[in-house]
Amino acid sequence: MELLAKAPVLGCAGKRQPGLPTGSVVGALGRLIRGAVPPPRVCGTPGGPPVTAPRVRLRDGRHLAYAESGVRKEDARFKVVISHGFTGSRLDTIRAAPEVAQELGVYMVGFDRAGYGQSDPNPNRSVKSAALDVEELADALGLGPKFYLIGISLGSHAVWGALKYIPDRIAGAAMMAPVVNYWWPGFPTDLAADVYAKQEVGDQWALRVSHHAPGILHWWMEQSWLPTSTVVAGTTPLPNRRDAEIRSKLKADGTFQQKMEQATQQGIHESYYRDMTVMFGKWEFDPMSLPEPPCPVHLWQGDEDGLVPVLLQRHLASRLSWINYHELPGTGHFLSSVPELGDTVLRTLFG
């Protein structure tokens, strides 16, 4: 492993960092060390977890599990699909008050993204497939020719995908602390590299492997003698007090572990690790090159987010004049916990 210690690296956006392997070296390691990935334990199959949630069947035979909230679909004025974040599930919401959803007439449906919870894995998962899963779910549930889409954290890649591949189906969109890809061409090289280098070393490695050598990500994440993701471990330093207190409470009462077990019950590779390779891999498009969509798009970002750099989010918003950017002072990453923000999101979209 001396090669790992001494070779240089194209760490982020083309900036070389001494002492770490280049993308080509990491790629070569990917071909040499392609660790065996255990087969998924698909829900509803022999030996797999049981199916307890309602599901829809997609054209390729996969199933998506979902959970509804808000007013009855038949009574709704507005119909919203929610794409959950990293480690999340169909049960995640923006925590709008029931009376606000009732007042506005909002029906909401969250779903387990492919490989999460009780939704079947997709070995060909991509940004495009995430958008098309949203579209098929909406059609299966009869949400009409247009619907609204909200992305939470990493789940916002489905929103970017929808704006690229199915823009005419989206009546309006919102992203809450959307995760960014440091390799998007629209980011200035030095800015992206400087922000990238401020992450924990394990997170730099996890993202680098996700981008350059996704074939060894499972092996990388499972080994214990090289640094890996603090996000997966739940140990990332969080500068915002509310974020830190929330995570501490979730770990203390067992909720953090329970959510992880639910999300990864079909295999951590099919959920967490595929999320990482899709989000931080090589995209087919740069969101900062998208044309203005035929619908309003809103983006909420905390200025004390310890997981998504506000500097990159500000740059992205400055490049896309059609983005309605809402920066929240003194706020971290867990936006669903911000009092009344869920109400604000709905009123902004529909009010």
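Each value, and the rule that gives it
Residues numbered from 1 in each chain as written. Predicted model: local features only at pLDDT ≥ 70, side-chain atom pairs only at ≥ 80, totals over all residues. Heavy atoms only, no water. Helix = DSSP H or I, 4+ residues; strand = E, 2+ residues; numbered from the N terminus. Contact = heavy atoms within 4.5 Å. Areas by Shrake-Rupley, 256 points an atom, 1.4 Å probe, with all protein chains shown as cover. Lys, Arg positive; Asp, Glu negative; His and termini not counted. Charge placed at Lys NZ, Arg CZ, Asp CG, Glu CD. Core = buried A, V, L, I, M, F, W, Y, C linked by side-chain atoms within 4.5 Å. Buried < 20%, exposed > 50% of the residue type's maximum accessible area, 1.4 Å probe, protein only. 1 Å grid on protein atoms, 1.4 Å probe; cavity = no way out; pocket = protein on both sides within 12 Å on 5 of 7 lines; lining within 4 Å. Points joined across faces, edges and corners; volume = space filled by probe spheres on them. Nonpolar A, V, L, I, M, F, W, Y, C, P; charged D, E, K, R; others polar. UniProt positions renumbered as here; feature names shortened; annotations may be inferred. Pairing = 2+ DSSP bridges. Right-handed = clockwise from strand over helix to strand, strands pointing away. Axes fitted to C-alpha atoms, helices over the stretch in contact; angles between N-to-C directions. Parallel < 35°, antiparallel > 145°, perpendicular 65-115°, else oblique. Salt bridge = Lys/Arg side-chain N within 4 Å of Asp/Glu carboxyl O.

Under an unreviewed UniProt entry, the name given to the protein is AB hydrolase-1 domain-containing protein, and the organism recorded is Urochloa decumbens.

Draft legend 1. View of the overall build of the protein. Broken down by element type, the protein carries 14 helices and ten strands. Along the longest, intermediate and shortest principal axes, the C-alpha atoms of the protein span 65 × 50 × 40 Å. A fraction of 75% describes how many contacts in the protein between residues 6 or more apart in sequence connect residues 24 or more apart. Of the roughly 14700 Å² of accessible surface on the protein, 53% is carried by carbon and sulfur atoms. Between the mean site of the 35 positive side-chain charges and the mean site of the 35 negative ones, the protein shows a separation of 4 Å.

Draft legend 2. How the structure looks around the nonpolar core. One finds Val-81, Trp-160, Trp-184 and Tyr-272 to be the most contacted residues of the largest nonpolar core, which totals 73 residues. Residues in contact with Tyr-272, not counting those within four places in the same chain, are Phe-86, Thr-87, Tyr-116, Val-232, Met-260, Ala-263 and Thr-264. Judged by nonpolar contacts, the second largest core, of 26 residues, contains Leu-104, Met-176, Leu-335 and Val-338.

Draft legend 3. Structural context of the layout of surface pockets. Within this model, the second largest pocket holds a volume of roughly 290 Å³. Going through the elements one at a time, α4 (127-140) and α12 (269-280) are the ones with two or more residues in the lining of the second largest pocket. Ranked by the residues each element gives to the lining of the second largest pocket, the list is headed by α12, at four residues. Here the lining of the second largest pocket is composed, by residue class, of eight nonpolar, six polar and five charged.

Draft legend 4. Expanded view of the UniProt feature "domain: AB hydrolase-1" (unreviewed entry) in the protein. Within this structure's numbering, the places UniProt gives as "domain: AB hydrolase-1" (unreviewed entry) are residues 80-335. Span residues 80-335 is 41% helix and 14% strand, its end C-alpha atoms 18 Å apart.

Draft legend 5. The arrangement of the pairing of strand β5 (residues 78-83) in detail. Summarising burial for β5: five of the six residues are buried, a large majority. As judged from the six bridges shared by β5 and strand β6 (residues 106-111), these two strands associate in the parallel manner. If you follow Phe-78 over to β6, its bridge partner there is Val-106. As for the winding sense of the linkage, the β-α-β connection from β5 through helix α3 (residues 98-104) to β6 is right-handed. Note: β5 against strand β7 (residues 147-152), four bridges, orientation parallel. Note on β7: the bridge partner recorded for Ser-83 is Gly-151.

Draft legend 6. Region of the structure containing the packing of helix α6 (residues 189-197) against helix α13 (residues 310-319). In the contact formed by α6 and α13, the axes pass within 10 Å of each other and the chain directions differ by 155°. In terms of orientation, α6 and α13 fall into the roughly antiparallel class. From α6, Leu-191, Ala-192 and Val-195 reach across to α13, where they touch Leu-311, Leu-312 and His-315. Considered class by class, the residues forming the contact of α6 with α13 number five nonpolar, one polar and no charged.

Draft legend 7. Fine view of α13. Restricting attention to buried positions, one finds in α13 the residues Val-310, Leu-312, Gln-313, His-315, Leu-316 and Ala-317. Looking at the packing, one finds that the buried side of α13 touches α5 (157-165), α6, β9 (297-302) and β10 (323-328).

Draft legend 8. Representation of the pattern of salt bridges within the structure. All told, the structure shown has 16 salt bridges when counted by the stated rule. Between Glu-103 and Arg-347 there is a salt bridge, and its shortest N-O distance comes to 2.9 Å. In this pair, Glu-103 sits in helix α3 while Arg-347 sits in helix α14 (residues 341-350), placing the two residues 244 residues apart along the sequence. Salt bridges linked by common partners bring Asp-60, Arg-62 and Asp-133 together as one network.

Draft legend 9. Structural context of empty space enclosed by the protein. In this structure the tally under the stated criterion is one cavity of 30 Å³ or more. Considered as a void within the structure, the largest cavity measures approximately 60 Å³ in volume. Phe-111, Arg-113, Ala-114, Arg-125, Ala-130, Asp-133, Val-134, His-157 and Ala-158 together form the lining of the largest cavity. Here the lining of the largest cavity is built from residues that sort into five nonpolar, one polar and three charged.

Draft legend 10. Quick peek at the pairing of β7. Counting buried positions along β7 gives six out of six residues, so the element sits mostly inside the fold. Of the two faces of β7, both are covered, the one formed by Phe-147, Leu-149 and Gly-151 as well as the one formed by Tyr-148, Ile-150 and Ile-152. Bridge count for β7 against strand β8 (residues 170-176) is six bridges, and the pairing is parallel. What sits directly across from Ile-152, in β8, is Met-176. A crossover links β7 with its parallel partner β8, the connecting element being α5, and its sense is right-handed.

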